[in-house]
Amino acid sequence: MPTTSRKTPGQPVSSDPATVDMVQIAIAAEVGTVFDRYELQHPQCKFGTDGVCCRLCHMGPCRITPRAQLGICGANADTITARNLLREIAAGTAAHSDHGRMLVRTLKLVAQGKGGDYQIKDPQRLHVAARFFEIATEGRDDMAIAGDLADFFMTQFAWSEEPNATLNLAPEKRQALWKKLGISPDGIDSAVVELMHRTNMGVDHDYRHLIMGGLKCSLADGWVGSAIATTVSDILFGTPKPVRSRVNLGVLAGDKVNIIVHGHEPTLSEMLAVASGNEELLEYARSKGAAGINVAGICCTANEVLMRHGLPIVGNFLQQELAILTGAVEVMVVDVQCVMPSLAQVAKCFHTKLVSTSEIAHTAEAEQITFNVRKGYEQACDLIRKAIDNFGNRDKDRVHIPNESMELVAGFSNETIFQMLGGTFRSTFRPLNDAIIDGRIRGIVGIVGCSNPKVVADQSHVKLTEELIKRNVLVLQTGCSAIACAKAGLLTPEAALAKAGASLREVCEAVGIPPVLHMGSCVDNSRILMAATNLLAEGGLGEDLSDLPVAGAAPEWMSEKAVAIGHYFVASGMYVVLGHPLYVEGSRNVHDLLCGEMENITGGRFEWEPDPAIAADKLLAHIERKRDALHINAQKERKLYDMKSRRELQ
Ligand code: NFS
Ligand code: SF4
């Protein structure tokens, strides 16, 4: 079993000591994990990684080789790689958007008075959203507004003659460009279906046309499905505000009942968070010898309950099996996405009960309950009772909880940033724009995405973030990337400030924001799109998103969802650096379109760069190019000279 990274021999599998520690425990216990399954998959198939394997029809499968340059139907490497890529975008868009749809259904039920214990926690966010989408609010009660907003959001899924209305969240110039390019989506579901159709055998064969279709679908993710998911989560569960908590396997409590929520949908976990404070349940836990109830999260569910309840985070994607291996988890509750099918096998080696809760996502050998909005609170209480009852089965001799846990601050929604920057008097992005214009902040990079056993886990997230803040770039984070940086201490304002460049530090201290801002889960990448839109709207930084000194990075990504995210960032005019390539390297043409020519089409493009230090150089070079084009670098030089000359005068 591996203890060191394959890519970088001699280096541990992760830069996080808790992960390294638990991998040793797994080896000793002879429990297989993602890290050794990764080894067993080697060598990984080059046809797959190059994207030139096609099994879209049953004349195949076909592979493009020097001898056979065409599939049986005649499809070449360009067509095959582009089609495969589009199917990933469709799947990623479907995942984020279906999550959004679940939330809209909950909002509708709440509006109808059938939402059980769910409520509208943030009526202000409801009103702002309703007004934006031209839903009457004057003199109406919240439930009526919520019902109309839910109905309106539901219309965004089906095909319509008009582009999706939520695209109006984007700057006008960008919307016009999408229209001109013919890539404005006109329905989430129809965009996904369209890609499945276009990539069906014998339909769309022109790689350029295919890739543009992929961008269209990705926009249905970022600006529609994910934007809806974020908005409805805020309305139902509250718009995040800065909150302190702790992260890493060390948050599991040796003396308490530990319940882990893992997956993505915040609905049931919201009730688990609430129910964990139920006095009766606490008393029941004490009666079984436990000191309390500890609900903690993994993956994006973790981010959701962290931001809204301050619940601790156990870890990110690659730590899900390791959490069970601590021997201290009574129940792990899973729903959808990024849940490893192996969890049931790991849980079997311990007393942990794995409970799968989504109607659409079952895990073989896990207990299955079907989450029901109306009974959410009771189901949460039942799960906690199940965990308490299981506490006595914990084998104390097998408990191994690593010491590592780190403090963090999360919960930076746009709404919060507006308020923090504007102070008590006026909500505004102005101080941020001014700092960018005068060069104290060079620009902004969103660092997002998964962790991946192909690289030393967490390391690239942490290094890239450190490099960028050192060079006075403000970093926005979501997903497992945020968790990686949190574990390394970069989400404590104090530590991050100490590592930030002098001028970034000065601005952050003056306006009271940390240099690394945790903005939420992966659907909350829509918050990063809105942050960019807000910067633009504040003025002085150009006319379209592609003018901004802003970029994106996903150094350790692995999910199809990340593929969709990367594409909607590029379609939104942003430069995106991925730590390893998309599965397109088997086609020079597709590579060149995505990584080169695309800049002339959307203003954004991809680049692959595994080395986080070099990635930082590239991101910074991009930011400086954008600053030059905005003529704000010239101003800054003058200003510095002025200060210097003033000092000389003194
Ligand atoms: Ni995002 Fe969140 Fe993590 Fe990757 Fe999975 S949890 S939705 S896909 S692995 S960042
Ligand atoms: Fe082969 Fe063409 Fe069928 Fe793909 S669609 S499997 S390339 S014959």
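Keep in mind that this is a model prediction, so the values were computed, not measured.

(A) Structural view of the domain arrangement of the protein chain. Domain annotation for the protein chain reports domain 1 (77-237), domain 2 (249-398) and domain 3 (412-629). If you average the C-alpha positions of domain 1 and of domain 3, the two centres end up 23 Å apart. Residue-level contacts link 37 residues of domain 1 with 37 residues of domain 3. Buried area between domain 1 and domain 3, summed over both chains or domains, comes out near 3,200 Å², and the portion from carbon and sulfur atoms is 66%.

(B) The site of ligand 2, seen in detail. The environment of ligand 2 is made up of Cys54, Leu56, Cys57, Met59, Gly60, Cys62, Gly71, Ile72, Cys73, Ile80, Arg83 and Met201. Counted by class, the shell around ligand 2 contains 9 nonpolar, 2 polar and 1 charged residues.

(C) Highlighting the coordination of the nickel atom of ligand 1. Exactly one donor from the protein chain reaches the nickel atom of ligand 1: Cys522 (SG), at 2.2 Å. Considering all 4 donor atoms around the nickel atom of ligand 1, the spread of angles at the metal, 91 to 163°, places the coordination shape in the irregular class. In this fold, Cys522 is placed in the loop between strand 13 (516-518) and helix 22 (525-538).

(D) Just the sheet that holds strand 12 (residues 473-477), in detail. Pairing is parallel in the open sheet, where 6 strands are placed in the order 13-12-11-14-15-16. A single partner strand is all that each edge strand has here, and the edge strands are strand 13 and strand 16 (605-608). Taking the axes of each pair of neighbouring strands and ignoring which way they run, one obtains an average angle of 20° across the sheet. Pairing of strand 11 (residues 443-447) with strand 14 (residues 550-554) involves 4 bridges; the strand directions are parallel. Each residue of the ladder has a partner; that of Ile444, found in strand 14, is Val550.

(E) Here's a closer look at unusual backbone geometry. Here the amide bond leading from His42 into Pro43 is cis, since omega sits at 0°, within 30 degrees of zero. Relative to the helices and strands, Pro43 is located in the loop between helix 2 (34-40) and helix 3 (46-50). The linkage connecting Gly60 with the following residue, Pro61, adopts the cis geometry, with an omega of 5°. Position of Pro61 among the secondary structure elements: in the loop between strand 1 (53-54) and strand 2 (62-63). The phi dihedral of Asp458 is positive, around 75°, even though this residue is not glycine. Structurally, Asp458 can be placed in the loop between strand 11 and helix 18 (459-470). Positive phi outside glycine occurs at Asn472, with the angle close to 65°. Structurally, Asn472 can be placed in the loop between helix 18 and strand 12. Residue classification places Asn472 among the buried residues on the basis of a relative accessible area of 15%.

(F) Region of interest: helix 5 (residues 123-132). Along helix 5, the positions that sit buried rather than exposed are Arg125, Leu126, His127, Ala129 and Ala130. Just downstream of helix 5 lies Glu134, where phi reads positive at about 60°.

(G) Representation of the pattern of salt bridges in the model. One pass over the full model with this rule turns up 44 salt bridges. Close ionic contact of Glu321 with Arg37 constitutes a salt bridge, the shortest N to O distance being 2.7 Å. In this pair, Glu321 is assigned in helix 13 (residues 320-325) and Arg37 in helix 2, connecting sequence segments 284 residues apart. Glu494 is the salt-bridge partner of Arg244, the closest N and O atoms lying 3.1 Å from each other. With Arg244 in strand 3 (residues 243-247) and Glu494 in helix 20 (residues 493-499), this residue pair connects regions lying 250 residues apart in the sequence.

(H) View of helix 9 (residues 207-237). Compared with the 45 Å implied by 1.5 Å per residue over 31 residues, the 42 Å span of helix 9 between its first and last C-alpha is a close match. By the largest-angle criterion, Ala227 marks the main kink of helix 9, which is about 35°. Of all 31 residues in helix 9, 29 are buried; the element is thus mostly enclosed. Put simply, Asp206 is the residue that caps the front of helix 9, since its side-chain oxygen is 3.0 Å from the backbone nitrogen of Arg208. Just beyond helix 9, the residue with positive phi is Gly238, at close to 105°.

(I) Spatial organisation of the packing of aromatic side chains. Per the counting criterion, the structure on display carries 10 aromatic pairs. Ring centres of Tyr118 and Phe371 lie 6.4 Å apart, and the angle between their planes is 90°; on these two criteria the pair is classed as edge-to-face. Residue Tyr118 is located in the loop between helix 4 (77-111) and helix 5, and its partner Phe371 is located in the loop between strand 9 (367-368) and helix 15 (376-391); the two are separated by 253 residues in the primary sequence. On the accessibility criterion, Tyr118 (6% relative accessible area) is buried. Summarising the aromatic geometry, the rings of Phe418 and Phe429 are spaced 4.5 Å apart at their centres and angled 55° between planes, so their arrangement reads as tilted. Separated by 11 residues along the polypeptide, Phe418 in helix 16 (residues 414-422) and Phe429 in the loop between helix 16 and helix 17 (430-437) bring together distant segments of the chain. Here Phe418 falls in the partly exposed class, since its relative accessible area comes to 21%.

(J) Region of interest: a nonpolar patch on the surface. A cluster of nonpolar side chains, Met59, Ile72 and Met201, forms an exposed patch at the surface whose accessible area comes to about 290 Å². Structurally, Met201 can be placed in the loop between helix 8 (188-198) and helix 9.

(K) View of the packing of helix 9 against helix 22. Remark: helix 9 packs on helix 22, axes separated minimally by 8 Å, with the N-to-C direction vectors making an angle of 100°. Our classification of the angle between helix 9 and helix 22 gives roughly perpendicular. Contact with helix 9, carried on its side by Gly222, Trp223, Ser226, Ala227, Thr230 and Asp234, involves Ser526, Arg527, Leu529, Met530 and Thr533 of helix 22 and no other residues of that element. The residue inventory of the contact of helix 9 with helix 22, partitioned by class, reads 4 nonpolar, 5 polar and 2 charged.

(L) Quick look at the side chain of Lys487. By the secondary structure assignment, Lys487 is in helix 19 (residues 479-487). Within polar-contact distance, the side chain of Lys487 engages the side chain of Asn316 at 3.1 Å. A distance of 2.6 Å separates polar atoms of two side chains, one belonging to Lys487 and the other to Asp458. Ignoring any residue separated from it by four or fewer positions in sequence, one finds Lys487 in contact with Asp16, Thr19, Val247, Asn248, Asn316, Gln319, Met406 and Asp458.

Parameters and conventions
- Residues numbered from 1 in each chain as written.
- Chains lettered and ligands numbered in written order.
- Predicted model: local features only at pLDDT ≥ 70, side-chain atom pairs only at ≥ 80, totals over all residues.
- Heavy atoms only, no water.
- Domains from an automatic or database assignment.
- Contact = heavy atoms within 4.5 Å.
- Buried area = accessible area lost by both parts, 1.4 Å probe.
- Near = heavy atom within 4 Å.
- Nonpolar A, V, L, I, M, F, W, Y, C, P; charged D, E, K, R; others polar.
- Donors = N, O, S within 2.8 Å, 3.2 Å for Na, K, Ca; no water.
- Tetrahedral: all angles 85-135°; square planar, octahedral: opposite > 155°, others 65-115°.
- Helix = DSSP H or I, 4+ residues; strand = E, 2+ residues; numbered from the N terminus.
- Pairing = 2+ DSSP bridges.
- Axes fitted to C-alpha atoms, helices over the stretch in contact; angles between N-to-C directions.
- Buried < 20%, exposed > 50% of the residue type's maximum accessible area, 1.4 Å probe, protein only.
- Salt bridge = Lys/Arg side-chain N within 4 Å of Asp/Glu carboxyl O.
- Expected span 1.5 Å × (residues − 1).
- Bend = angle between axes of the 7 residues up to and from the residue.
- Polar contact = N/O pair within 3.5 Å; in protein donor to acceptor, adjacent residues only side chain to side chain.
- Phe/Tyr/Trp six-rings, centres within 6.5 Å; stacked < 30°, edge-to-face > 60°.
- Patch = residues over 30% accessible without salt bridge, like charges linked within 9 Å, V, L, I, M, F, W, Y side chains within 5 Å.
- Areas by Shrake-Rupley, 256 points an atom, 1.4 Å probe, with all protein chains shown as cover.
- Parallel < 35°, antiparallel > 145°, perpendicular 65-115°, else oblique.

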